[in-house]
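# What the coordinates show
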Amino acid sequence: MGRKVAFIAALFGALALVGPAQARVEVQWWHAMSGVLGDRLNELVEKFNKSQDKYTVVAVAKGNYDEVTNGVIAAYRAKRPPEMVQIAERGYMTMLLSGAIVPVQDLVEQKGYKIDFSDFVKPVASFWSYKGRMSAMPFNSSTPIFWYNKDHFQKAGFDKPADTWQELEKQLYTIKSKGISECGTVLPGDFYWSLLENYSAINTSLTVRSRTVSTGSAPSSSTTRRR
């Protein structure tokens, strides 16, 4: 059913061309990176292209993660898929069960490459693995980071943020009640991902939202994500 695609995990993974290499083969890589992340991706591609003379990787930004997933599905049905694609975690099972991709560990073994997959960050690698084998190559794994205003906490009599969310809430109310900050905390626009999904997973709780199942003045604190 058309040629298969090799795929990358972003936390999300990349897929590679299946077939014999020819002189300067063009490899289309569809991705969802923009801004600074897009710049870094393009730098990686340029570095790879200059490092050898067999392949030319063409990085193509195809919109956000959902748009990339929908685009590659449409392209596969039209028998015109890219050789590699970056897919977010919510599209992982769709790709894995589609029959359209080549698992990355199968691919590297077929091509004779030696990769020590045990050397990958284990929680990230396990997400992109199926039956103990790496399905997608982890590439852009996002990590929530907790930032706090040290001066605000110290003025309120706290050496550091509490170890639990319940105690932290009390600290933030104290900071506000003492007039140290009008705003106790701010949350990122994707707080449902950085807070609900991650901490549900840590506490082995199930969260469900539309079509997705996961296990899982200056403000005094905030959360963001770091790639």
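What counts as what
Residues numbered from 1 in each chain as written. Predicted model: local features only at pLDDT ≥ 70, side-chain atom pairs only at ≥ 80, totals over all residues. Heavy atoms only, no water. Buried < 20%, exposed > 50% of the residue type's maximum accessible area, 1.4 Å probe, protein only. Helix = DSSP H or I, 4+ residues; strand = E, 2+ residues; numbered from the N terminus. Pairing = 2+ DSSP bridges. pLDDT = per-residue confidence, 0-100. Contact = heavy atoms within 4.5 Å. Salt bridge = Lys/Arg side-chain N within 4 Å of Asp/Glu carboxyl O. Expected span 1.5 Å × (residues − 1). Arc of directions from axis to C-beta. Polar contact = N/O pair within 3.5 Å; in protein donor to acceptor, adjacent residues only side chain to side chain. Phe/Tyr/Trp six-rings, centres within 6.5 Å; stacked < 30°, edge-to-face > 60°. Lys NZ or Arg CZ within 6 Å of the ring centre and 35° of its normal.

Of all seven residues making up strand β2 (residues 25–31), five are buried, and the element is well covered by its neighbours. Pairing of β2 with strand β3 (residues 55–61), which is carried by seven bridges, proceeds in the parallel orientation. Opposite E26, over in β3, you have T56 as the bridge partner. Examined bridge by bridge, β2 and strand β4 (residues 84–87) share two bridges and lie parallel to one another.

Moving on: the confidence of the model for the protein. Averaged over every residue, the pLDDT of the protein is 81; the share at 70 or more is 78%. Here residues 9–21 scores under 50 on pLDDT; set against residues more than four positions off or in separate chains, the count is 69 contacts. Of the regions scoring below 50 in pLDDT, residues 213–227 engages in 82 contacts with residues more than four places distant in sequence or in other chains.

So, about the pattern of salt bridges. A complete count under the given rule lists seven salt bridges for this structure. Note that E46 and K50 form a salt bridge whose closest N and O atoms lie 3.1 Å from each other. Taken together, the residues span about one helical turn, with E46 and K50 both in helix α1 (residues 35–51) at a distance of four residues. The closest approach of N and O atoms between R133 and D106, which form a salt bridge, is 2.8 Å. Remark: D106 occurs in helix α4 (residues 104–110) and R133 occurs in strand β7 (residues 133–134); sequence separation between them is 27 residues. Look at R133 and you get partly exposed, because its relative accessible area is 31%.

The terminal C-alpha atoms of helix α2 (residues 65–77) lie 19 Å apart, and with 13 residues this matches the ideal 18 Å at 1.5 Å per residue to within 8%. Taken residue by residue, α2 has Y65, V68, T69, V72, A75 and Y76 as its buried positions. Across the axial projection of α2, the buried residues extend over an arc of 130 degrees, all falling on one side. When the buried face of α2 is taken as reference, the exposed residues oriented beyond 90 degrees from it are N70 and R77. A side-chain oxygen of the first residue of α2 lies 3.1 Å from the backbone nitrogen of D66; this N-cap is N64. Positive phi appears at K79, one or two residues downstream of α2, with a value of about 60 degrees.

A word on helix α7 (residues 165–177). When the terminal C-alpha atoms of α7 are compared, their 18 Å separation across 13 residues agrees well with the 18 Å that a helix rising 1.5 Å per residue should span. Within the span of α7, buried status applies to L168, Q171, L172 and I175. The arc that holds every buried residue of α7, seen down its axis, measures 100 degrees, which confines them to one face. Opposite the packed face of α7, turned more than 90 degrees from it, sit the exposed residues Q166, K170, Y173 and S177. Just downstream of α7, G179 is the residue with a positive phi angle, here 75 degrees.

In total, this model carries nine aromatic pairs according to the counting rule given. Where F146 meets Y148, the ring centres are 6.4 Å apart and the plane angle is 25 degrees; that geometry is what we call stacked. F146 gets classed as partly exposed once you look at its relative accessible area, which sits at 30%. By relative accessible area, which is 34% here, Y148 ends up partly exposed. Lying over the aromatic face of W30, K62 brings its terminal NZ or CZ to 4.3 Å of the ring centre.

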